[in-house]
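Breakdown of the fold
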Amino acid sequence: MASSEEDGTNGGASEAGDEKEPSGRRRRLGLAATAWLTFYNIAMTAGWLVLAIAMVRFYMEKGTHRGLYKSIQKTLKFFQTVALIEIVHCIIGIVPTSVLVTGVQVSSRIFMVWLITHSIKPIQNEESVVLFLVSWTVTEITRYSFYTFSLLDHLPYFVKWARYNFFIILYPVGVAGELLTIYAALPYVKKSGMFSIRLPNKYNVSFDYYYFLLITMASYIPLFPQLYFHMLRQRRKVLHGEVIVEKDD
Amino acid sequence: MKHYEVEILDAKTREKLCFLDKVEPQATIAEIKNLFTKTHPQWYPARQSLRLDPKGKSLKDEDVLQKLPVGTTATLYFRDLGAQISWVTVFLTEYAGPLFIYLLFYFRVPFIYGHKYDFTSSRHTVVHLACICHSFHYVKRLLETLFVHRFSHGTMPLRNIFKNCTYYWGFAAWMAYYINHPLYTPPTYGAQQIKLALAIFVICQLGNFSIHMALRDLRPAGSKTRKIPYPTKNPFTWLFLLVSCPNYTYEVGSWIGFAIMTQCLPVALFSLVGFTQMTIWAKGKHRSYLKEFRDYPPLRMPIIPFLL
């Protein structure tokens, strides 16, 4: 996006990631906002717990991951899609995270669920799907319970510890699962030509979903390290009280 | 005449960076920046932000030392704005790109479309018309940058040139690819649609140019004064009665015209993105006008008459 004509000086600070103040001071929230957020985070914690239990039960009963996605897909779609509300939370300011960051994070989840696993049925039984489902589930349970306890001003250390340590393993595992799943989907996308528009057409535009997926996979390369290192910095600040002076803001 | 002493501290670390003694009371911030550069040559004046408060606003180059709320030993805080690049350089680069890139597609240079199409020409008149319009638009922008615009700021952060060029060059390539494609489909309503759209484009280009000239005449050469713009004898400037930034209004109009003329979705998307950005700028400019001028005409909206 072209920079401002009106303001030649440095544009607004871009947020590299998460909450500005992890577990320390919180902005003054109204009663309604606090009540709503507490309810929301409890509900989401419960939802992902249900998902986790359903996955464990399926595996214990069937002994295989085949059919696991199909059995939990409705619950997954519901709770992951509802997370779109979190963007609204940022817009109205009851959550101090950047709209852009939350938007990107939620969108990438929506993309995986609806545009990959839901739409490309042949890959639903891939092992890589289980990989990212497990990663997402543990991450979300930790994250939402962290938010819940923070709102109730009663954060057990082990929840804080989990929030800032689990990601070290879960992030790369989740990314691996997502990338492998997209990779597995490529041949089906190419063969079916799904979600694609070819020339000639009235509006003189084209879109090739296959190439779009390749570009998406490539975009993980610059994006993932940034998010990962941001979380590592947050971790050092929160768990070890390190004062980190940002390079520029 | 009493001289001032100026100490410059780093705004973040509070480290003492420079001590200037025997500074004239009428010295400007610009002159102080030049003195500071002598001791720290890597921080040329354009990348210095000096302020009275570490978290406060930057002082202007024209501010005079003795008029500031400081004692005879003034403490200024320094912030590095990062590598800077001149506005003129950025504008010329970001506009020259689309001009050149579009022509690559128009002439169907090899490796873009299939080899049997290399250096062939479209059989649709509208494709040639579109090339003329697009090229004219960017030539106009280049000439305005060189001869018309009077910039308030000299420089902007270096990273902006990469952002801006990606935006302009990327969209230019994307639009040009489809308009000049061998499988391009001309507008549904044919010559009627093309003529109407061309008229819109031309009118808006003339309008946009008229506003640029009017704004230029508001500000004498070399100055940075700001005045309320008013309609002149030129009918295109009468849009000032209704909006603060008619240059943006006309610019959006030009691209809408171009989108209708080519009936190309990427052009429409480019228009939409541009409109969003220009609306943000227009609202900012409108707010500045309202803050600075008590008697600002109340009927005016930022960019769209009566609406936005």
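Reading the values: rules and limits
By convention here, each chain's residues receive numbers from 1 onward along its written sequence. Chains and ligands are labelled sequentially in the order written, the chains with letters from A and the ligands with numbers from 1. Per-residue local features of the predicted model are confined to residues with pLDDT of at least 70, and side-chain atom pairs are confined, for both listing and counting, to 80 or more; whole-chain, interface and lining totals are unaffected and use all residues. Neither water nor hydrogens contribute to the side-chain values; these are computed over all heavy atoms in the structure. UniProt positions are given in the numbering used here, feature names are shortened, and annotations may be inferred rather than shown by experiment. Helical segments are the DSSP runs of H or I of at least four residues, strand segments are the runs of E of at least two, and each set is numbered from the N terminus. Here the term buried applies to any residue with accessible area under 20% of the maximum for its type, exposed to any over 50%, and partly exposed to those in between, with areas from a 1.4 Å probe on protein chains only. Strand pairing is assigned whenever DSSP detects at least two bridges linking the two strands. Interaxial angle, 0 to 180 degrees, is taken between N-to-C directions of lines fitted to C-alpha atoms, where a helix line uses only the stretch in contact. As used here, the term nonpolar core means buried Ala, Val, Leu, Ile, Met, Phe, Trp, Tyr and Cys residues forming a set that is joined through side-chain atoms within 4.5 Å. What makes two residues a contact is simply this: any of their non-hydrogen atoms within 4.5 Å. Criterion for a salt bridge: a side-chain nitrogen of Lys or Arg within 4 Å of a carboxyl oxygen of Asp or Glu. An angle below 35 degrees is treated as roughly parallel, one above 145 as roughly antiparallel, one from 65 to 115 as roughly perpendicular, and anything else as oblique. Whether a crossing is left-handed or right-handed is set by the direction in which the near helix is turned from the far one by less than a right angle, anticlockwise for left-handed and clockwise for right-handed. Under the scheme applied here, ten amino acids are nonpolar (Ala, Val, Leu, Ile, Met, Phe, Trp, Tyr, Cys and Pro), four are charged (Asp, Glu, Lys and Arg), and all others, including Gly, are polar. Directions pointing from the helix axis toward each C-beta atom define the arc.

You'll find chain B entered in an unreviewed UniProt entry as Very-long-chain enoyl-CoA reductase, with Nannospalax galili given as the organism. Heading Subunit (unreviewed entry) of the UniProt record for chain B holds this comment: "Interacts with ELOVL1 and LASS2."

As named in an unreviewed UniProt entry, chain A is Very-long-chain (3R)-3-hydroxyacyl-CoA dehydratase, taken from Nannospalax galili. Of chain A, the UniProt comment under Pathway (unreviewed entry) reads exactly: "Lipid metabolism; fatty acid biosynthesis." In UniProt, chain A has this text filed under Sequence similarities (unreviewed entry): "Belongs to the very long-chain fatty acids dehydratase HACD family."

1. Thoughts on the UniProt feature "domain: TECR-like N-terminal" (unreviewed entry) in chain B
If you check UniProt for "domain: TECR-like N-terminal" (unreviewed entry), the listed places come out as residues 5-80 of chain B in our numbering. Helix makes up 14% of residues 5-80 of chain B and strand 34%. Its end C-alpha atoms lie 22 Å apart.

2. With respect to unusual backbone geometry
Residues and elements named next belong to chain A. Cis rather than trans, the peptide bond between leucine 199 and proline 200 has omega equal to -5 degrees. Inspection of the secondary structure puts proline 200 in the loop between helix 6 (157-192) and helix 7 (209-240). At asparagine 204, a residue that is not glycine, the phi angle is positive and equals roughly 50 degrees. Position of asparagine 204 relative to the elements: it lies in the loop between helix 6 and helix 7. Residue classification places asparagine 204 among the buried residues on the basis of a relative accessible area of 0%.

3. Digging into the environment of Lys67(B)
Mapped onto the fold, Lys67(B) is located in the loop between strand 3 (48-51) and strand 4 (73-80). Sequence-wise, Lys67(B) and Phe306(B) are 239 residues apart; in three dimensions their C-alpha atoms are separated by 42 Å.

4. Notes on the sheet that holds strand 1 (residues 4-10) of chain B
All names here are of chain B. Spatially, the 4 strands line up as an open sheet ordered 2-1-4-3, and their pairing is mixed. Each end of this open sheet is capped by a strand with a single partner; those strands are strand 2 (16-23) and strand 3. Ignoring strand direction, the axes of neighbouring strands in this sheet form an average angle of 25 degrees. As paired strands, strand 1 and strand 2 are joined by 5 bridges and run antiparallel to one another. Note that in strand 2 the partner of valine 6 across the bridge is leucine 20.

5. With respect to the pairing of strand 1 of chain B
Residues and elements named next belong to chain B. Within strand 1, 6 of the 7 residues are buried, leaving the element largely enclosed by the surrounding structure. Counted along the chain from strand 1 to the antiparallel partner strand 2, the turn is 5 residues long, and its residue arginine 14 has a positive phi close to 65 degrees. Strand direction decides the pairing type here: strand 1 and strand 4, joined by 6 bridges, are parallel. The residue bridging glutamate 5 from the neighbouring strand is threonine 73, located in strand 4.

6. Some thoughts on the nonpolar core
If you look at soluble globular proteins, the nonpolar side chains tend to sit buried side by side. With 46 residues, the main nonpolar core has Trp48(A), Leu76(A), Ile116(A), Leu133(A), Ile182(A) and Leu213(A) as its most contacted residues. Counting only elements with at least two residues in this core, the list comes to helix 1 (31-62), helix 2 (68-82), helix 4 (99-117), helix 5 (127-151), helix 6 and helix 7 of chain A. Excluding residues that lie within four positions of it along the chain, Trp48(A) makes contacts with Leu76(A), Phe79(A), Gln80(A), Arg109(A), Trp136(A), Thr137(A), Glu140(A), Ile141(A) and Tyr144(A). Grouped together as the second largest cluster of nonpolar side chains are 40 residues, Phe171(B), Met175(B), Ile179(B) and Phe270(B) included.

7. A word on the pattern of salt bridges
Side chains carrying opposite charge are able to pair once their charged atoms draw close together. Residue and element names in this part refer to chain A. Across all of its chains, the model carries 9 salt bridges over all chains by this definition. Here arginine 109 and glutamate 140 are joined by a salt bridge, their closest N and O atoms 3.3 Å apart. Of this pair, arginine 109 sits in helix 4 while glutamate 140 sits in helix 5, and the two are 31 residues apart along the sequence. Judged by its relative accessible area of 14%, arginine 109 falls in the buried class.

8. Here's the deal with the side chain of Ser254(B)
Residue and element names in this part refer to chain B. Here serine 254 lies in helix 6 (residues 246-262). Residue serine 254 is classed as buried on the basis of its relative accessible area of 0%. Setting aside residues up to four positions removed in sequence, serine 254 forms contacts with Phe201, Cys204 and Gln205.

9. A look at the packing of helix 1 of chain A against helix 3 (residues 85-92) of chain A
Residues and elements named next belong to chain A. At a minimum axis distance of 12 Å, the contact between helix 1 and helix 3 shows a crossing angle of 155 degrees. For the element pair helix 1 / helix 3, the angle class is roughly antiparallel. When you trace helix 1 past helix 3, the crossing you get is left-handed. In this structure, helix 1 contributes Trp36, Leu37, Tyr40 and Met44 to the contact, and helix 3 contributes Ile85, Glu86 and His89. Split by residue class, the contact of helix 1 with helix 3 holds 5 nonpolar, 1 polar and 1 charged.

10. Description of helix 3 of chain A
Residues and elements named next belong to chain A. If you check which residues of helix 3 are buried, you get Glu86, Ile87, His89 and Cys90. Buried residues of helix 3 fall within an arc of 155 degrees about the axis and therefore sit on the same side. The exposed set on the far side of helix 3, more than 90 degrees from its buried face, consists of Ile91 and Ile92. Looking at the packing, one finds that the buried side of helix 3 touches helix 1, helix 4 and helix 5. Just beyond helix 3, the residue with positive phi is glycine 93, at close to 90 degrees.

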